[in-house]
Amino acid sequence: MRAVVEAQRALKRDVGLATQVGEALFPPAEAALIADVVARDLPYYDPTISEAAVAGLNRFAQESGLAQRSVSYGQVVAMEFRHLWTA
Amino acid sequence: MSVARVAVPDFVSNSYFPAIAAIELGFFAREGLDVAHELIFPNYKAYEALRDGKIDFVAGPAHAVFRAFPEWEGAKLLAALAQGMYWLLVMRTDLAATAGDVNAVKGRTIGAAPLVDQGLKRLLIDAGVDLDRDGVRIVGVPGASEPGVSFGVAAAKALEDGKLDGFWANAMGAENAVRGGSGRVILDVRRGLGPPAAFHYTMPVLATSDHVIERDPNMVARPACAPSWRLSGL
């Protein structure tokens, strides 16, 4: 889990790393695009799962017929690892 | 080194990119994890694989957890890969559609992935569009379920080929369509195009199961005292 948080931070510091990843894994056309696309996502690279996000998820799931009832924040999120979002 | 498996429902994409980058840039390896990724489409099948013990983590949309883990029994979110709903509505450039106008979908055929389509449907309903009355057809994308195919790229190709009037997919697909001249971004709630409430419908997450956490908590998050990899250059 730390690995994903560190990857978000690394991409924020140097979005050129996205090209490095893309060139290793994607077809050439998409590898050439990925850094520009990721650059627009960087403001949203935050590992936090907020109470508001879970409330929105609950509302959406019930209105879409995916869930019958709301689930608590503690049931959705692995509480014991939350500190790693900011570690 | 421990071995772990991460499923992603769309690979050639920005949607779950932090997870893919964490593998390729060696961040998992620095945690003592040998991680392999596996493309499992559509998203709910990735969560079914997690439920069935075939993989250890999913990098996918949060709301799809409900399909494999009814009433969210047995799954946990570990982290957001990014904030907010992350799909965009792209319509053909030859249609009279302006950015932010949800009415652009009326009488049109829109391609979307299973369960991803729920985000578009709810957004349109919340914005006052009646899918039946207004003749909105939300369908699958031709060729998107072929092995190894990226959904967004397939959607952009289908738009270019005239098989769809629009698609609801990731920003990589949107970028392909926009740069190729076949599509125009109409809705993107992260950037203010669409109802603000839709931002919190879902988000890209790293998820695992209660079983994995119980079985191997150190695989989920190695204790901080173990390696000193965070002192490295990246």
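Keep in mind that this is a model prediction, so the values were computed, not measured.

**A short note on the overall build of chain A**
Point 1. Check the secondary structure of chain A and you find five helices and zero strands.
Point 2. Ordered by position in the sequence, the α and β elements of chain A form the string α-α-α-α-α.
Point 3. Each principal axis of the C-alpha atoms in chain A carries an extent, and together these give about 45 × 30 × 20 Å.
Point 4. Within chain A, the proportion of its 87 residues that are buried is 39%.
Point 5. Within chain A, contacts between residues separated by at least 24 positions form 44% of all contacts whose residues are at least 6 apart in sequence.

**What to know about the domain arrangement of chain B**
Residues and elements named next belong to chain B.
Point 1. Examined at the domain level, chain B breaks down into domain 1 (2–83 + 203–231) and domain 2 (88–200).
Point 2. The C-alpha-based centres of domain 1 and domain 2 are spaced at 27 Å.
Point 3. The partner domain 2 presents 14 residues to the 15 residues of domain 1 that form the contact.
Point 4. Here the side of domain 1 that touches domain 2 is composed, by residue class, of eight nonpolar, five polar and two charged.

**Things to note about the interface of chain B and chain A**
Point 1. In this assembly, 44 residues from chain B lie in contact with 50 residues from chain A.
Point 2. Contributing elements (two or more residues each) for the side of chain B that touches chain A: α1 (17–24), α2 (27–30), α4 (65–68), β4 (75–80), α5 (116–126) and α7 (171–180) of chain B.
Point 3. Of all the elements, α1 of chain B adds the most residues to the side of chain B that touches chain A, at seven residues.
Point 4. Among the residues forming the side of chain B that touches chain A, the class breakdown is 29 nonpolar, seven polar and eight charged.

**Notes on the domain arrangement of chain A**
Point 1. For chain A, the domain assignment lists domain 1 (2–44) and domain 2 (51–85).
Point 2. With centres defined by C-alpha atoms, the gap from domain 1 of chain A to domain 2 of chain A works out at 28 Å.

**Concerning helix α2 (residues 16–25) of chain A**
Point 1. Those residues of α2 of chain A not exposed but buried are Ala-18, Val-21 and Gly-22 of chain A. Buried positions in α2 of chain A, seen along its axis, are confined to an arc of 100 degrees and lie on one side of it. Residues of α2 of chain A that are exposed and angled more than 90 degrees away from the buried face: Gly-16 and Ala-24 of chain A.
Point 2. Looking at the buried residues of α2 of chain A, the elements they touch are α1 (2–13) and α3 (28–41) of chain A together with α1 of chain B.

What counts, and where the lines are drawn
- Residues numbered from 1 in each chain as written.
- Chains lettered and ligands numbered in written order.
- Predicted model: local features only at pLDDT ≥ 70, side-chain atom pairs only at ≥ 80, totals over all residues.
- Helix = DSSP H or I, 4+ residues; strand = E, 2+ residues; numbered from the N terminus.
- Buried ≥ 20, exposed ≤ 12 C-beta atoms within 10 Å, placed from the backbone.
- Contact = placed C-beta atoms within 7 Å.
- Domains from an automatic or database assignment.
- Nonpolar A, V, L, I, M, F, W, Y, C, P; charged D, E, K, R; others polar.
- Arc of directions from axis to C-beta.

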